[in-house]
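# Examination of the molecular architecture
For reference, the chains in residue letters:
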Amino acid sequence: MNRAEKAALQLQAVAVLGMLKETRTYDELADLTGLPAGDLNRYVNGHVLPGTDRAREVIDGVGHETLTAELEERIELDGEGYVDNSGIVFDQPFLDLLAPVAAESFGFERPDVVLTAATDGITLASAMARYFDARCAYAKKSKETAIEEFIEARDRLDSGIELTYYLPASALSAGDTVLVVDDLIRSGETQELLLDIAAGADAHVGGVFALIAAGDEGIERARDRTDAPVGALSRLD
Ligand SMILES: O=P(O)(O)OC[C@H]1O[C@H](OP(=O)(O)OP(=O)(O)O)[C@H](O)[C@@H]1O
(Lines give C-alpha, C1' and ligand atoms only; values in the text may rest on other atoms or scores of the structure.)
Protein backbone atom coordinates (compact mmCIF):
# COMPACT_ATOMS: atom_id res chain seq x y z
CA MET A 1 0.00 0.00 0.00
CA ASN A 2 1.46 3.35 -0.94
CA ARG A 3 1.22 6.47 1.17
CA ALA A 4 -1.82 7.88 -0.65
CA GLU A 5 -3.70 4.56 -0.31
CA LYS A 6 -2.89 4.48 3.41
CA ALA A 7 -4.15 8.02 3.85
CA ALA A 8 -7.35 7.18 1.92
CA LEU A 9 -7.95 4.13 4.16
CA GLN A 10 -7.37 6.20 7.30
CA LEU A 11 -9.78 8.92 6.15
CA GLN A 12 -12.40 6.31 5.24
CA ALA A 13 -12.18 4.85 8.74
CA VAL A 14 -12.64 8.33 10.21
CA ALA A 15 -15.70 8.85 7.98
CA VAL A 16 -17.20 5.53 9.17
CA LEU A 17 -16.53 6.47 12.82
CA GLY A 18 -18.06 9.92 12.23
CA MET A 19 -21.23 8.33 10.86
CA LEU A 20 -21.44 5.91 13.78
CA LYS A 21 -20.87 8.76 16.26
CA GLU A 22 -23.89 10.69 14.95
CA THR A 23 -26.24 8.44 16.95
CA ARG A 24 -23.91 7.37 19.78
CA THR A 25 -21.91 8.71 22.71
CA TYR A 26 -18.14 8.14 22.73
CA ASP A 27 -18.59 5.47 25.41
CA GLU A 28 -21.10 3.64 23.23
CA LEU A 29 -18.78 3.96 20.25
CA ALA A 30 -15.95 2.56 22.41
CA ASP A 31 -18.12 -0.46 23.34
CA LEU A 32 -18.99 -1.02 19.69
CA THR A 33 -15.47 -0.73 18.30
CA GLY A 34 -13.37 -1.91 21.24
CA LEU A 35 -11.26 1.26 20.89
CA PRO A 36 -10.63 3.75 23.76
CA ALA A 37 -13.15 6.61 23.89
CA GLY A 38 -10.32 9.18 24.06
CA ASP A 39 -8.76 7.88 20.83
CA LEU A 40 -12.15 7.86 19.13
CA ASN A 41 -12.71 11.47 20.14
CA ARG A 42 -9.38 12.48 18.59
CA TYR A 43 -10.15 10.56 15.36
CA VAL A 44 -13.68 11.92 14.93
CA ASN A 45 -12.50 15.48 15.60
CA GLY A 46 -9.70 15.10 13.09
CA HIS A 47 -6.81 15.70 15.54
CA VAL A 48 -5.21 12.28 14.93
CA LEU A 49 -5.66 9.63 12.23
CA PRO A 50 -6.02 5.95 13.17
CA GLY A 51 -3.09 3.74 12.16
CA THR A 52 -3.67 1.66 9.06
CA ASP A 53 -4.27 -1.60 10.98
CA ARG A 54 -6.86 0.08 13.16
CA ALA A 55 -8.40 1.79 10.15
CA ARG A 56 -8.79 -1.55 8.41
CA GLU A 57 -10.32 -3.11 11.54
CA VAL A 58 -12.88 -0.31 11.71
CA ILE A 59 -13.83 -0.70 8.05
CA ASP A 60 -13.83 -4.51 7.91
CA GLY A 61 -15.29 -5.11 11.35
CA VAL A 62 -17.78 -2.72 12.80
CA GLY A 63 -18.03 -0.83 9.50
CA HIS A 64 -19.19 -3.89 7.62
CA GLU A 65 -21.76 -4.92 10.20
CA THR A 66 -23.30 -1.53 10.87
CA LEU A 67 -23.30 -0.32 7.29
CA THR A 68 -24.93 -3.53 6.04
CA ALA A 69 -27.57 -3.18 8.79
CA GLU A 70 -28.11 0.46 7.79
CA LEU A 71 -28.37 -0.58 4.12
CA GLU A 72 -31.04 -3.15 4.98
CA GLU A 73 -32.99 -0.65 7.06
CA ARG A 74 -33.15 1.69 4.09
CA ILE A 75 -34.67 -0.85 1.69
CA GLU A 76 -38.39 -0.28 1.18
CA LEU A 77 -40.66 -2.87 -0.41
CA ASP A 78 -44.04 -2.05 -1.93
CA GLY A 79 -47.10 -4.30 -1.64
CA GLU A 80 -46.02 -6.35 -4.65
CA GLY A 81 -42.48 -6.87 -3.40
CA TYR A 82 -40.82 -4.30 -5.68
CA VAL A 83 -37.77 -2.65 -4.18
CA ASP A 84 -37.57 1.09 -3.53
CA ASN A 85 -33.93 1.83 -2.81
CA SER A 86 -33.98 5.58 -3.43
CA GLY A 87 -33.00 6.05 0.24
CA ILE A 88 -29.73 4.35 -0.72
CA VAL A 89 -28.90 5.35 -4.28
CA PHE A 90 -29.78 9.04 -3.73
CA ASP A 91 -27.42 9.25 -0.75
CA GLN A 92 -23.93 9.62 -2.22
CA PRO A 93 -22.15 10.14 1.15
CA PHE A 94 -23.67 6.87 2.40
CA LEU A 95 -22.50 5.06 -0.75
CA ASP A 96 -19.05 6.59 -0.30
CA LEU A 97 -18.93 4.93 3.14
CA LEU A 98 -20.20 1.62 1.74
CA ALA A 99 -17.65 1.50 -1.09
CA PRO A 100 -14.61 0.38 0.96
CA VAL A 101 -16.72 -2.19 2.80
CA ALA A 102 -18.04 -3.56 -0.50
CA ALA A 103 -14.62 -3.49 -2.10
CA GLU A 104 -12.90 -5.28 0.78
CA SER A 105 -15.62 -7.91 1.33
CA PHE A 106 -15.34 -9.92 -1.87
CA GLY A 107 -11.71 -9.75 -2.93
CA PHE A 108 -12.38 -7.99 -6.23
CA GLU A 109 -9.41 -7.26 -8.42
CA ARG A 110 -8.55 -3.56 -8.54
CA PRO A 111 -10.42 -2.35 -11.65
CA ASP A 112 -9.46 0.14 -14.32
CA VAL A 113 -13.15 0.77 -14.94
CA VAL A 114 -16.25 0.39 -12.78
CA LEU A 115 -19.11 -0.39 -15.15
CA THR A 116 -22.84 -0.12 -14.45
CA ALA A 117 -26.19 0.35 -16.19
CA ALA A 118 -28.11 3.61 -16.11
CA THR A 119 -29.83 4.70 -14.06
CA ASP A 120 -29.86 3.51 -10.50
CA GLY A 121 -26.39 1.95 -10.47
CA ILE A 122 -24.64 5.20 -11.32
CA THR A 123 -24.14 6.66 -7.84
CA LEU A 124 -22.81 3.32 -6.51
CA ALA A 125 -20.47 3.01 -9.49
CA SER A 126 -19.25 6.53 -8.82
CA ALA A 127 -18.49 5.69 -5.18
CA MET A 128 -16.71 2.45 -6.11
CA ALA A 129 -14.71 4.18 -8.86
CA ARG A 130 -13.56 6.85 -6.43
CA TYR A 131 -12.54 4.22 -3.89
CA PHE A 132 -10.47 2.31 -6.46
CA ASP A 133 -9.27 5.47 -8.21
CA ALA A 134 -10.76 3.95 -11.38
CA ARG A 135 -12.82 5.33 -14.25
CA CYS A 136 -16.59 5.09 -14.05
CA ALA A 137 -18.72 4.13 -17.06
CA TYR A 138 -22.41 3.44 -17.52
CA ALA A 139 -24.28 1.75 -20.35
CA LYS A 140 -27.60 3.25 -21.36
CA LYS A 141 -30.74 1.94 -23.04
CA SER A 142 -30.41 4.61 -25.74
CA LYS A 143 -27.59 5.93 -27.93
CA GLU A 144 -26.06 9.29 -27.07
CA THR A 145 -26.49 11.51 -30.15
CA ALA A 146 -22.99 12.91 -30.53
CA ILE A 147 -21.24 9.53 -30.18
CA GLU A 148 -20.60 7.40 -33.26
CA GLU A 149 -19.18 4.14 -31.97
CA PHE A 150 -20.83 1.97 -29.35
CA ILE A 151 -20.42 -1.46 -27.84
CA GLU A 152 -23.91 -2.96 -27.82
CA ALA A 153 -25.41 -5.88 -25.93
CA ARG A 154 -28.91 -7.15 -26.66
CA ASP A 155 -31.14 -9.75 -25.08
CA ARG A 156 -34.71 -10.89 -25.56
CA LEU A 157 -36.32 -11.00 -22.13
CA ASP A 158 -38.72 -13.73 -20.98
CA SER A 159 -41.49 -11.20 -21.54
CA GLY A 160 -40.52 -11.06 -25.24
CA ILE A 161 -39.32 -7.45 -25.00
CA GLU A 162 -35.85 -6.78 -26.41
CA LEU A 163 -33.43 -4.98 -24.14
CA THR A 164 -30.34 -3.30 -25.56
CA TYR A 165 -27.61 -1.46 -23.67
CA TYR A 166 -25.13 0.84 -25.39
CA LEU A 167 -21.75 1.93 -24.09
CA PRO A 168 -19.59 4.49 -25.91
CA ALA A 169 -16.75 2.41 -27.41
CA SER A 170 -14.15 4.80 -25.99
CA ALA A 171 -15.21 3.93 -22.41
CA LEU A 172 -13.52 0.49 -22.38
CA SER A 173 -10.27 -0.72 -23.91
CA ALA A 174 -9.05 -4.25 -24.58
CA GLY A 175 -7.26 -5.57 -21.49
CA ASP A 176 -8.99 -3.20 -19.04
CA THR A 177 -10.02 -4.83 -15.79
CA VAL A 178 -13.73 -4.15 -15.26
CA LEU A 179 -15.75 -4.34 -12.06
CA VAL A 180 -19.45 -4.66 -12.92
CA VAL A 181 -21.68 -3.10 -10.24
CA ASP A 182 -25.35 -2.36 -9.77
CA ASP A 183 -27.65 -1.31 -6.97
CA LEU A 184 -29.90 -4.34 -7.44
CA ILE A 185 -29.62 -7.73 -9.07
CA ARG A 186 -32.82 -9.67 -9.62
CA SER A 187 -32.94 -11.76 -12.81
CA GLY A 188 -29.32 -10.93 -13.62
CA GLU A 189 -30.25 -9.85 -17.16
CA THR A 190 -28.72 -6.41 -16.74
CA GLN A 191 -25.49 -7.82 -15.30
CA GLU A 192 -25.31 -10.35 -18.12
CA LEU A 193 -25.60 -7.57 -20.69
CA LEU A 194 -22.87 -5.63 -18.91
CA LEU A 195 -20.68 -8.75 -19.00
CA ASP A 196 -21.44 -9.04 -22.73
CA ILE A 197 -20.30 -5.44 -23.16
CA ALA A 198 -17.07 -6.18 -21.27
CA ALA A 199 -16.52 -9.24 -23.48
CA GLY A 200 -17.26 -7.12 -26.58
CA ALA A 201 -14.42 -4.81 -25.57
CA ASP A 202 -12.04 -7.71 -24.79
CA ALA A 203 -11.90 -6.43 -21.25
CA HIS A 204 -11.11 -8.64 -18.26
CA VAL A 205 -13.80 -9.01 -15.56
CA GLY A 206 -12.48 -8.46 -12.03
CA GLY A 207 -15.80 -9.00 -10.26
CA VAL A 208 -19.56 -8.47 -10.19
CA PHE A 209 -21.11 -6.64 -7.26
CA ALA A 210 -24.61 -5.58 -6.26
CA LEU A 211 -25.75 -3.84 -3.09
CA ILE A 212 -28.90 -5.95 -2.96
CA ALA A 213 -29.66 -9.37 -4.43
CA ALA A 214 -33.39 -10.04 -4.76
CA GLY A 215 -33.33 -13.86 -4.67
CA ASP A 216 -30.43 -15.96 -5.93
CA GLU A 217 -31.22 -16.10 -9.64
CA GLY A 218 -29.23 -13.05 -10.67
CA ILE A 219 -26.15 -13.91 -8.59
CA GLU A 220 -26.12 -17.47 -9.96
CA ARG A 221 -26.52 -16.21 -13.51
CA ALA A 222 -23.54 -13.91 -13.08
CA ARG A 223 -21.49 -16.72 -11.50
CA ASP A 224 -22.19 -18.88 -14.57
CA ARG A 225 -20.66 -16.15 -16.69
CA THR A 226 -17.42 -15.42 -14.86
CA ASP A 227 -14.83 -16.99 -12.57
CA ALA A 228 -14.27 -13.62 -10.88
CA PRO A 229 -15.83 -12.99 -7.43
CA VAL A 230 -19.59 -12.26 -7.55
CA GLY A 231 -21.38 -10.93 -4.46
CA ALA A 232 -24.07 -8.77 -2.92
CA LEU A 233 -23.97 -7.04 0.46
CA SER A 234 -27.57 -7.81 1.25
CA ARG A 235 -30.00 -10.51 0.14
CA LEU A 236 -33.79 -10.31 -0.02
CA ASP A 237 -35.99 -13.41 -0.40
O1 LIG B 1 -31.22 -8.21 -12.40
P2 LIG B 1 -32.20 -7.47 -13.26
O3 LIG B 1 -33.52 -8.23 -13.35
O4 LIG B 1 -31.67 -7.12 -14.60
O5 LIG B 1 -32.62 -6.15 -12.49
C6 LIG B 1 -31.68 -5.25 -11.98
C7 LIG B 1 -31.73 -3.93 -12.69
O8 LIG B 1 -33.03 -3.33 -12.53
C9 LIG B 1 -32.86 -1.97 -12.12
O10 LIG B 1 -32.72 -1.14 -13.20
P11 LIG B 1 -33.91 -0.77 -14.21
O12 LIG B 1 -33.86 -1.66 -15.42
O13 LIG B 1 -35.21 -0.72 -13.45
O14 LIG B 1 -33.50 0.66 -14.71
P15 LIG B 1 -33.26 2.00 -13.82
O16 LIG B 1 -31.98 1.82 -13.09
O17 LIG B 1 -33.17 3.09 -14.84
O18 LIG B 1 -34.46 2.12 -12.90
C19 LIG B 1 -31.57 -1.99 -11.33
O20 LIG B 1 -30.98 -0.70 -11.26
C21 LIG B 1 -30.70 -2.96 -12.10
O22 LIG B 1 -29.96 -2.34 -13.12
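See above for the structure.
Described in the following lines is the structure provided in the data block. (Residues numbered from 1 in each chain as written. Predicted model: local features only at pLDDT ≥ 70, side-chain atom pairs only at ≥ 80, totals over all residues. Heavy atoms only, no water.)

To continue, consider the site of the ligand. Taken together, 13 residues sit near the ligand, with Asp182, Asp183, Arg186, Ser187 and Thr190 positioned nearest. Aspartate 120 has a polar backbone atom sitting 2.8 Å from an oxygen atom of the ligand. One nitrogen or oxygen atom from the side chain of aspartate 182 is found 2.6 Å from an oxygen atom belonging to the ligand. Structurally, the ligand is housed in the largest pocket. Split by residue class, the shell around the ligand holds three nonpolar, four polar and six charged. (Near = heavy atom within 4 Å. Polar contact = N/O pair within 3.5 Å; in protein donor to acceptor, adjacent residues only side chain to side chain. 1 Å grid on protein atoms, 1.4 Å probe; cavity = no way out; pocket = protein on both sides within 12 Å on 5 of 7 lines; lining within 4 Å. Sits in = over half its atoms within 2 Å of the grid points. Nonpolar A, V, L, I, M, F, W, Y, C, P; charged D, E, K, R; others polar.)

Cis geometry marks the peptide bond from alanine 118 to threonine 119; its omega dihedral reads 15°. On the secondary structure map, threonine 119 appears in the loop between strand E3 (113–117) and helix H7 (122–132). In the Ramachandran plot, aspartate 133 falls in the positive-phi region, its phi being about 55° despite a non-glycine side chain. Relative to the helices and strands, aspartate 133 is located in the loop between H7 and strand E4 (135–139). For aspartate 133, a relative accessible area of 72% gives the class exposed. (Helix = DSSP H or I, 4+ residues; strand = E, 2+ residues; numbered from the N terminus. Buried < 20%, exposed > 50% of the residue type's maximum accessible area, 1.4 Å probe, protein only.)

A word on the nonpolar core. Met128, Phe209 and Leu211 are the most contacted members of the largest nonpolar core, which totals 45 residues. The biggest single contributor to this core is helix H6 (residues 92–105), with eight residues. Shared between two domains, this core takes at least three residues from each, and those domains are domain 1 (3–60) and domain 2 (83–235). Excluding its chain neighbours within four sequence positions, the residues that come into contact with phenylalanine 209 are Ala102, Phe106, Phe108, Leu124, Met128, Val180, Val181, Asp182, Gly231, Ala232 and Leu233. (Core = buried A, V, L, I, M, F, W, Y, C linked by side-chain atoms within 4.5 Å. Domains from an automatic or database assignment. Contact = heavy atoms within 4.5 Å.)

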